[in-house]
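Single-letter residue listing:
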Amino acid sequence: MSVTITTRRLKDSVEIRISVQHVSEDGQRLDKKSGKAIEANFMQQVAVKIDNRLIADAFLGGDMSANPELVFKSKGVPVGALISADWLDLKGEKGRAEAHYTG
Amino acid sequence: MRTSFQRRRLLGLAAASPLFWLASALKPVAAWAADWPKSLFDMPTSDGALALLGAQAAQAGKHVLLDAPEIVDRDDRVTVRVYSAIPATEQITILVDKALRPVVAQFVLTAEAEPDVSVTIKLPSTSTVRAVVKAGGKLYTVTKEIKLAMEPCDAPAAGTKPQKPAKGRPA
């Protein structure tokens, strides 16, 4: 499970793209060998921050694609700002990704 | 006297530490402003989820754009974008009616985030996709149907002949 943040300058705002590498199992798929359901595990929460100020919370369900991507936009991103994403999945694994907005 | 004092101190430490761990277990992630809304994400029907959101009688969101492809040939990665031009948009919820759990994503936005978000979802079949936008305490909704060009093999659409497998896929 890993999360990467990329930023892009738009006309009047900054795009914050959060790419999540995650299996995104909804608990419905069956294991072909054992025939048993594969345990559900998907990204549940992503908190997006600019210089450690929360700007958006994303709550996610099991019907996200595998390796989901989330896109946010903000007008208040100064050059050099630290953009971070705290994440948590269904199994309780959590982490933090960071990137600097370089303009 | 000294030994009993030390023992007490040790006891105190032992008592303090489980409390500390309990407190940290109760609040596993201090980073989030709110908890994952389990009842909403567990709701098996779109109507039920709309009721939970209080959006059954929501106005049609004339100033909300739900941008998604009309038709897709792959069901596993569809990008849905919701943009709201309503001032003070604070929450955007995306639902896929035909999904087993229709609520796919909910975004809680502060004034620093533009009300413009995208997310990649799975599409179970041709389905209505909804966005419910909360702005200034009021709810607005928009819907759009996304067609799946080829329905899953285990659930062929009624009256259609079986088709050749898609290019590049082993027969």
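Our structure is the block above this text.
My aim in this report is to walk through the structure given alongside it, one point at a time. (Residues numbered from 1 in each chain as written. Chains lettered and ligands numbered in written order. Predicted model: local features only at pLDDT ≥ 70, side-chain atom pairs only at ≥ 80, totals over all residues.)

Overview of the overall build of chain A
For chain A, the helix and strand inventory stands at zero helices and seven strands. The order of helices and strands in chain A, counted from the N terminus, is β-β-β-β-β-β-β. Overall, the C-alpha framework of chain A stretches about 50 × 25 × 15 Å when taken along its three principal axes. Counting over 103 residues, chain A shows a buried share of 39%. For chain A, the share of sequence-separated contacts (at least 6 apart) that also reach a separation of at least 24 residues comes to 54%. (Helix = DSSP H or I, 4+ residues; strand = E, 2+ residues; numbered from the N terminus. Buried ≥ 20, exposed ≤ 12 C-beta atoms within 10 Å, placed from the backbone. Contact = placed C-beta atoms within 7 Å.)

Regarding the sheet that holds strand β7 (residues 116–121) of chain B
The six strands lie next to each other as β1(A)-β2(A)-β5(A)-β7(B)-β4(B)-β2(B), forming an open sheet whose pairing is antiparallel. Each edge of the open sheet carries a strand with a single partner, namely β1 (2–9) of chain A together with β2 (64–67) of chain B. On average, each strand axis in the sheet is inclined to that of its neighbour by 15 degrees, with strand direction left out of account. Sheet analysis places β1(A) next to strand β2 (residues 14–21) of chain A, joined by eight bridges and oriented antiparallel. In the strand pairing of β2(A), T7(A) is matched with I16(A). (Pairing = 2+ DSSP bridges. Axes fitted to C-alpha atoms, helices over the stretch in contact; angles between N-to-C directions.)

Observations regarding the pairing of strand β7 (residues 94–100) of chain A
Residues and elements named next belong to chain A. Pairing analysis gives seven bridges linking strand β6 (residues 82–89) to β7, with the strands arranged antiparallel. Residue pairing in the sheet places S84 in a bridge with E98 of β7. What sits between the antiparallel neighbours β6 and β7 is a turn of four residues, in which G92 has the positive phi angle 90 degrees.

Here we look at the interface of chain A and chain B
Counting from both sides, the interface comprises 32 residues of chain A and, opposite them, 32 residues of chain B. Considering every element that reaches the side of chain A that touches chain B, the biggest residue donor is strand β4 (residues 53–60) of chain A, with eight residues. Grouping the constituent residues of the side of chain A that touches chain B by class yields 15 nonpolar, nine polar and eight charged. Alignment of β4(A) against strand β6 (residues 103–109) of chain B, held across five bridges, turns out to be antiparallel. Residue pairing for β6(B): D57(A) is matched across the bridge by V108(B). (Nonpolar A, V, L, I, M, F, W, Y, C, P; charged D, E, K, R; others polar.)

In short, geometric facts, not functional conclusions.
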